[in-house]
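# Tertiary structure, described
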Amino acid sequence: MLLRAGTVTHGFNMSQRGLECMVSAIGAGVLTVDMPANENLAPPGWYLLFILNANRVPSTGRWVRVTA
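This structure is a prediction, so every number in the text was calculated from the model and none was measured. (Residues numbered from 1 in each chain as written. Predicted model: local features only at pLDDT ≥ 70, side-chain atom pairs only at ≥ 80, totals over all residues. Heavy atoms only, no water.)

## Observations regarding the side chain of R4
To keep it simple, the criterion reads: Numbering of helices and strands runs from the N terminus, with a helix taken as a DSSP run of H or I at least four residues long and a strand as a DSSP run of E at least two residues long. Partly exposed residues are those whose accessible area sits between 20% and 50% of the maximum for their type, while under 20% is buried and over 50% is exposed, using a 1.4 Å probe and protein chains only. The charge count treats Lys and Arg as positive and Asp and Glu as negative. His and the chain ends do not count. Throughout this description, the term salt bridge denotes a Lys or Arg side-chain nitrogen within 4 Å of a carboxyl oxygen of Asp or Glu. Under the rule applied, a polar contact is a pair of N or O atoms within 3.5 Å (in protein, one hydrogen donor and one hydrogen acceptor; residues adjacent in sequence only if both atoms are side-chain atoms).
Inspection of the secondary structure puts R4 in strand β1 (residues 2–4). One buried charge, R4, has no salt-bridge partner; the nearest side chain with opposite charge is E39, at 12 Å. One polar contact links the side chain of R4 to the main-chain carbonyl oxygen of P43, over a distance of 3.2 Å. Only 3.3 Å separates the side chain of R4 from the backbone oxygen of P44, close enough to count as a polar contact.

Below, the structure written as structure tokens:
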């Protein structure tokens, strides 16, 4: 799951979003994450990446940068 960092102005968060993505490969310290086909759903920027286990319990988040 990707959680976009917020941009709060006057108490309103205009860019917060959460996206579920599929992890297609896991190697030694490396993940391949399939992003949504519509790039407007995940614009470039910083996101917290969480891996959910079979019970949907999230891991500790890691900051990742999504580029175009």
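## Description of a nonpolar patch on the surface
Note the cut-off: Patch membership is restricted to residues that have no salt bridge and whose relative accessible area is over 30%. Joining uses 9 Å for like charges and 5 Å for the nonpolar side chains Val, Leu, Ile, Met, Phe, Trp and Tyr. Surface accessibility in these figures is a Shrake-Rupley result with a 1.4 Å probe; residues are shielded only by whichever protein chains are displayed.
Residues V23, I26, L31 and I51 make up a contiguous nonpolar surface patch of about 330 Å² in total accessible area. Looking at the secondary structure, you find L31 in strand β6 (residues 30–34).

## Structural notes on the pattern of salt bridges
Tallying each qualifying case throughout the model produces 1 salt bridge. When the shortest N-O distance is used, the salt bridge between R56 and E20 registers 2.7 Å. Taken together, the residues span a long stretch of sequence, with R56 in the loop between β7 (45–49) and β8 (62–66) and E20 in the loop between β4 (18–19) and β5 (22–27) at a distance of 36 residues. Given a relative accessible area of 54%, E20 falls into the exposed group.

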